[in-house]
Amino acid sequence: MIFHALPPKDVAADARFEILMQEMDGKHEIRRRKRTLPAEWAPQSAIQLTWPHSGTDWAPMLPEVTECYLKMAFEMASRQPLLIVTPEPENLQQLLEQRLPANVLENICIVKAETDDTWARDHGFITVEDTDGWHLLDFRFNGWGGKFEAQHDNAINAELYRQGVLQGHYDNCLDFELEGGSIESDGAGTILTTAECLLNPNRRQAESHQVYLNGRGAKEEGEVNRRQAESKSSLLELCRGAKEEGEAMEEGEANRRHAGDAVPQVDKAAVERILQERLGAQRILWLHHGYLAGDDTDSHIDTLARLCPDNTILYVRCDDSNDEHYPELKAMEAELTALRTAEGKPFRLIPLPMAKPCVENGERLPATYANFLVMNTAVLVPTYAQENDALALRRVAEAFPGRDVVGIDCRPLIVQHGSLHCCTMQYPRGVYRIPHAE
C-alpha cells in the first residue's frame, strides 16, 4: 500500500501544541540545576529507527517486517522528525520515495552506518540533561548479555556523533552495559527497573563475552578481540575530534573507561551508583518479578511496566490463572502496589491486558502492550490483531490524555522477540540537528 498524504494542518492544534511545549520547557528549565534523565513524554526533537536489511535476522521475513517499519515511519514522520540508520541509504531512500508522501519525507533524515540488527532502544544514545546542556551517553551494548552479535550496533552512536547528526556532549560510558529498554524515568529523579536485567551476571563484561563465545564457538574469539580493538581505536579517534566539545577528550580517560568494566561483578550498590552518577537518579525502584515468554532481554522494564505522567504506571496484568505468566505477573502487581512516589504516596496503577498467546513454530512470542512509544503529540501502541487491542488502546489513552493513541500491528516484530518501543529511541528537544538548518 501507498500511505496517503496528510490532511491540511489544524492551525489551532499547532497552537495548542506550541503552548504545551512552552509549558513543558518552563518545567524543564527548573530541572537544569542537576543531571536528569528526561521522561519519555518530555519534549522531543526526533525519533530514531534502525532499518532492517538482508544482513540481519530479519532476512527470512524481510518484506513483512519492512511493511511494519514503513507504517511506523509514516506515523512518526507525520508528526515529528525521524532519523533512520541503515547501511543501505540509497535503497531505503528509493523505497521511502515510493511509499511515503512528500510532506512526510521532508521529516526524515537517513544516516549511513553498518548495523547488526534493528533494536535502536537498546543500542541508541541515552540522553541526559545537565547544567552545561545535553549529554549523549554511549553505554556498551553487547546483544543483551552476549546473546547476539552487536559489534556494529555498538558503534552506531559514535558514527552518528561523528556525522554531526546529534548535538551535545559525547560521554563515553562503554565501561557499563545498559540498554534503554531496561530503565524508565519520570524526569524528576525516579528510575524504575528490573533486577533480572540490571543485576544479571550476563551484563558484566567478562560474563557476556563468555556467553557470546559459548553461543558461537571459542574459535571466533580472535575475531571478537580484533573487532573490539578496532572499535576502541575508532572511539579514541572520535574522542580526539570531539568537535562538539571544542577540545579533545583526554585519551587516557577514554581508554580507561572503554577498556574496563565499571561493575565487574554483580553488585547492586555499585549499579545504583552508576545510575545516580550518570543518569542523575535520586530514587531507584526495583522490580524482582515479571517476565514474558520468548523475551531475549532478561525482563526489560519496557515490556512489563511503564512510568507515565502524574505518578501513573501502566503495567501488564494477567488474569488467567492457567497462563504461565500468572504467578510472576501477580507478584509484580503486588510489588507495584507497594511502591511509593517521591511524596510517599501510592502510584496510580492502570492495568494493561495480557496479550493472548502469539505462537510461531511452537514458540510463544513476547507480545506486550506495554511496549508503546510516547511522542510529542501521540502514543504509538503495538497491537496483535486480537480482541484485547482495543482495551489496551483505551488504557493507554487514560494515561496520556491529549495525545493521539495510534495502534500499529506489531506481529512481525515479535517474531524476533521485540516490539514497537524496542525499535525506537527518542531524542530530547534540542539534540537532533535538523539537516537543512546548517
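Residues numbered from 1 in each chain as written. Predicted model: local features only at pLDDT ≥ 70, side-chain atom pairs only at ≥ 80, totals over all residues. Heavy atoms only, no water.

J.: Is there a simple way to think about the overall build of the protein in this case?
T.: Per the secondary structure count, the protein includes 15 helices and 18 strands. Here the protein holds 438 residues, and 57% of them are scored as buried. Contacts in the protein between residues at least 24 apart in sequence constitute 77% of all its contacts with a sequence separation of at least 6. (Helix = DSSP H or I, 4+ residues; strand = E, 2+ residues; numbered from the N terminus. Buried < 20%, exposed > 50% of the residue type's maximum accessible area, 1.4 Å probe, protein only. Contact = heavy atoms within 4.5 Å.)

J.: What am I meant to see in the pattern of salt bridges here?
T.: Considering all chains together, one arrives at 22 salt bridges under this definition. Between arginine 306 and glutamate 184 there is a salt bridge whose closest N-O contact spans 2.9 Å. One end of the pair, arginine 306, is in strand 10 (residues 305-308); the other, glutamate 184, is in strand 7 (residues 183-185), with 122 residues separating them in the sequence. Overall, glutamate 184 belongs to the buried group, its relative accessible area being 5%. One salt-bridge network, held together by shared partners, links Glu40, Arg121, Glu184 and Arg306. (Salt bridge = Lys/Arg side-chain N within 4 Å of Asp/Glu carboxyl O.)

J.: Honestly, the nonpolar core in this entry has me stumped. Any pointers?
T.: For soluble globular proteins, nonpolar side chains are generally found buried alongside one another. Within the largest apolar cluster, 76 residues are counted, with the highest numbers of intra-cluster contacts made by Leu49 and Phe400. If you tally residues by element for this core, the top one is helix 2 (residues 62-77), at nine residues. (Core = buried A, V, L, I, M, F, W, Y, C linked by side-chain atoms within 4.5 Å.)

J.: Hey, could you run me through helix 3 (residues 89-99) in this one?
T.: An α-helical turn contains 3.6 residues, so any two residues separated by three or four positions project in the same direction. For helix 3, the complete set of buried residues consists of Pro89, Leu92, Leu96 and Arg99. Summarising the axial view, the buried residues of helix 3 lie within an arc of 105°, below the 170-degree limit, and thus occupy one face. Buried residues in helix 3 make contact with helix 2, strand 2 (82-86), helix 4 (102-105) and strand 3 (108-112). (Arc of directions from axis to C-beta.)

J.: It is not clear to me how the confidence of the model for the protein should be interpreted in this structure. Could you clarify?
T.: The predicted coordinates ought not to be read in detail in places where the model reports low pLDDT. Taken over all residues, the pLDDT of the protein has a mean of 86, while the share at 70 or more is 79%. Across residues 5-16, confidence stays below pLDDT 50; counting only partners more than four residues off in sequence or on other chains, it has seven contacts. Confidence drops under a pLDDT of 50 for residues 216-236, and excluding neighbours within four residues, the segment shows 28 contacts in the predicted structure. (pLDDT = per-residue confidence, 0-100.)

J.: Mind showing me how you'd approach the environment of proline 81 here?
T.: Along the polypeptide, proline 81 turns up in the loop between helix 2 and strand 2. Counting along the chain gives 27 residues from proline 81 to isoleucine 108, while the straight-line C-alpha distance between them is 5.9 Å. In contact with proline 81, not counting residues within four places along its chain, are Ser45, Ala46, Ile47, Asn107 and Tyr432.

J.: Can you walk me through the pairing of strand 18 (residues 424-428) in this structure?
T.: The element strand 18 is largely enclosed, with a buried count of five among its five residues. Side chains Thr424, Gln426 and Pro428 project from strand 18 onto one buried face, and the interleaved Met425 and Tyr427 project onto a second face that is buried too. As paired elements, strand 1 (residues 44-50) and strand 18 share five bridges and run antiparallel to each other. What sits directly across from glutamine 44, in strand 18, is proline 428. (Pairing = 2+ DSSP bridges.)

J.: Looking at this model, I keep getting lost on helix 13 (residues 326-338). Mind explaining?
T.: The end-to-end C-alpha distance of helix 13, which contains 13 residues, comes to 19 Å, matching closely the 18 Å that a straight helix rising 1.5 Å per residue would cover. Every buried residue of helix 13 is accounted for by Leu329, Met332, Glu333, Glu335 and Leu336. Relative to the axis of helix 13, the buried residues are bounded by an arc of 160° and lie together on one face. In helix 13, the exposed positions angled more than 90 degrees off the buried face are occupied by Pro327 and Ala338. Tucked inside the fold, the buried residues of helix 13 contact strand 9 (283-287), strand 10, strand 11 (312-317) and strand 12 (348-353). (Expected span 1.5 Å × (residues − 1).)

J.: I'm lost on the pairing of strand 9 in this one. Help?
T.: For a regular strand, side-chain orientation follows a simple rule: the groups alternate between the two sheet faces. Extensive coverage of strand 9 is indicated by the burial of four of its five residues. Relative to strand 9, strand 8 (residues 190-194) runs parallel, the two sharing five bridges. Along strand 9, the bridge assignment pairs leucine 192 with leucine 285.

J.: Help me out: how do you make sense of the sheet that holds strand 8 in this one?
T.: Sheet strands pair by backbone hydrogen bonding; their relative direction is either parallel or antiparallel. Read across the open sheet, the three strands follow the order 7-8-9; overall the sheet is mixed. Of all the strands in the sheet, just strand 7 and strand 9 have a single pairing partner and so form its edges. Across the sheet, the mean angle separating the axes of adjacent strands is 20° when strand polarity is ignored. Against the sheet, helix 12 (residues 268-279) makes contact with strand 7 and strand 9, and its axis sits at roughly 135° relative to strand 9, the strand it touches most. (Axes fitted to C-alpha atoms, helices over the stretch in contact; angles between N-to-C directions.)

J.: Mind showing me how you'd approach the packing of aromatic side chains here?
T.: For the structure on display, the rule yields nine aromatic pairs. An aromatic cluster is built from Phe125, Tyr161 and Tyr170, whose rings are joined through pairwise contacts. (Phe/Tyr/Trp six-rings, centres within 6.5 Å; stacked < 30°, edge-to-face > 60°.)

J.: Could you clarify how one ought to interpret unusual backbone geometry in this entry?
T.: Most peptide bonds adopt trans geometry, and most residues besides glycine take a negative phi value. Look at aspartate 298: it is not a glycine, yet its phi comes out positive at around 65°. Looking at the element boundaries, aspartate 298 is found in the loop between strand 9 and strand 10. Aspartate 298 gets classed as buried once you look at its relative accessible area, which sits at 15%. With a phi angle near 60°, aspartate 310 is a residue other than glycine that sits in the positive phi range.

J.: I'm lost on the side chain of histidine 169 in this one. Help?
T.: Mapping histidine 169 onto the fold places it in strand 6 (residues 169-177). Separated by 3.1 Å, the side chain of histidine 169 and the backbone oxygen of aspartate 132 make a polar contact. (Polar contact = N/O pair within 3.5 Å; in protein donor to acceptor, adjacent residues only side chain to side chain.)

J.: Teacher, can you tell me more about the side chain of glutamate 75 here?
T.: Within the fold, glutamate 75 resides in helix 2. Judged by relative accessible area, glutamate 75 falls into the buried class, the value being 8%. Here the side chain of glutamate 75 touches lysine 71 through a polar contact of 2.8 Å, side chain to side chain. Setting aside residues no more than four positions away along its own chain, glutamate 75 makes contact with Met375, Leu380, Val406 and Ile408.

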